[in-house]
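Working through the structure, step by step
Listed below, chain by chain, are the residues.
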Amino acid sequence: MTLFTTSNQGTIGSLQRMIQNIAIANGTAIGSTLINLTAPNLPPGIQVTWYLALFVVAIIVIAGISINYLHPEKA
């Protein structure tokens, strides 16, 4: 956000918050859909959803570390 002028900071902040809210809503919708796909047996659905979330977080962490390692001047 420091790349933008102070007159545009409010607009950029609003856009950032909107994208975060969309991501939160989509994550909740996808997670609840995965859990509901196994409606008679909810514990396996919840377990699969947690494993999927762990996998996504691990990929993001590995990508962040890799990018920081390959391009330390941009960190």
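Let me sum up the structure you'll find in this document. (Residues numbered from 1 in each chain as written. Predicted model: local features only at pLDDT ≥ 70, side-chain atom pairs only at ≥ 80, totals over all residues. Heavy atoms only, no water.)

**Thoughts on the overall build of the protein**
For clarity, the cut-off: Working definition: helices are DSSP H or I runs of at least four residues, strands are E runs of at least two. Numbering for both runs from the N terminus. For every accessible area listed, the method is Shrake-Rupley and the probe measures 1.4 Å; residues are considered covered only by the protein chains on display.
If you tally the helices and strands in the protein, you get two helices and zero strands. When the accessible area of the protein is evaluated, it comes to approximately 6400 Å², of which 72% is carbon and sulfur surface.

**Regarding the layout of surface pockets**
To keep things clear, this is the line we draw: Here a cavity denotes grid points, spaced 1 Å and computed from the protein atoms alone, that fit a 1.4 Å probe unable to get out, and a pocket denotes an open set having protein on both sides within 12 Å along at least 5 of 7 lines; residues with an atom within 4 Å of a point are the lining. Grid points are joined across faces, edges and corners, and a volume is the space filled by probe spheres set on the points. Three classes are used: nonpolar for Ala, Val, Leu, Ile, Met, Phe, Trp, Tyr, Cys and Pro, charged for Asp, Glu, Lys and Arg, and polar for all others, with Gly counted as polar.
Counted as a void, the largest pocket has a volume near 240 Å³. What lines the largest pocket is a set of 13 residues, and nearest its centre among them are Gly27, Gly31, Thr49, Leu52 and Ala53. Among the elements of the structure, helix 1 (9-36) and helix 2 (42-70) are those that each provide at least two residues to the lining of the largest pocket. A total of eight residues in the lining of the largest pocket trace back to one element, the largest contributor, which is helix 2. Partitioned by chemical class, the residues of the lining of the largest pocket number ten nonpolar, three polar and no charged.

**Overview of a nonpolar patch on the surface**
The condition that has to hold: Two joining distances apply to patches: 9 Å for like charges and 5 Å for nonpolar side chains (Val, Leu, Ile, Met, Phe, Trp, Tyr), and every residue must have over 30% relative accessible area and no salt bridge. Basic side-chain nitrogens of Lys or Arg form a salt bridge, by our definition, when they fall within 4 Å of a carboxyl oxygen of Asp or Glu.
Among the surface-exposed residues, Leu52, Phe55, Val56, Ile59 and Ile60 lie close enough to one another that they form a single nonpolar patch of about 470 Å² accessible area. Among the structural elements, Ile60 can be located in helix 2.

**A look at the packing of helix 1 against helix 2**
Applied cut-off: Between the N-to-C directions of two axes lies an angle of 0 to 180 degrees, each axis being a line fitted to C-alpha atoms and, for a helix, fitted only over the stretch in contact. Crossing handedness is read from the near helix: turned anticlockwise from the far helix by less than a right angle, it gives a left-handed crossing, and turned clockwise, a right-handed one. Between two residues, a contact is recorded if the distance between any of their heavy atoms is within 4.5 Å.
Following both chains from N to C, one finds helix 1 and helix 2 inclined at 145°, their axes separated by 8 Å at the closest point. Here helix 1 runs over helix 2; the crossing is right-handed. Note on element contacts: helix 2 touches helix 1 through Leu42, Gly45, Ile46, Thr49 and Leu52, opposite Gly31, Leu34 and Ile35. Looking at side-chain class alone, the contact of helix 1 with helix 2 contains five nonpolar, three polar and no charged residues.

**Some words on the environment of Tyr51**
Our working rule: Think of it in three bands: residues with accessible area under 20% of the maximum for their type are buried, residues over 50% are exposed, and the middle band is partly exposed, with areas taken using a 1.4 Å probe on protein chains only.
Within the secondary structure layout, Tyr51 lies in helix 2. Judged by its relative accessible area of 52%, Tyr51 falls in the exposed class. Sequence-wise, Tyr51 and Ser66 are 15 residues apart; in three dimensions their C-alpha atoms are separated by 22 Å.

Read these as layout, nothing more, since geometry by itself doesn't imply function.
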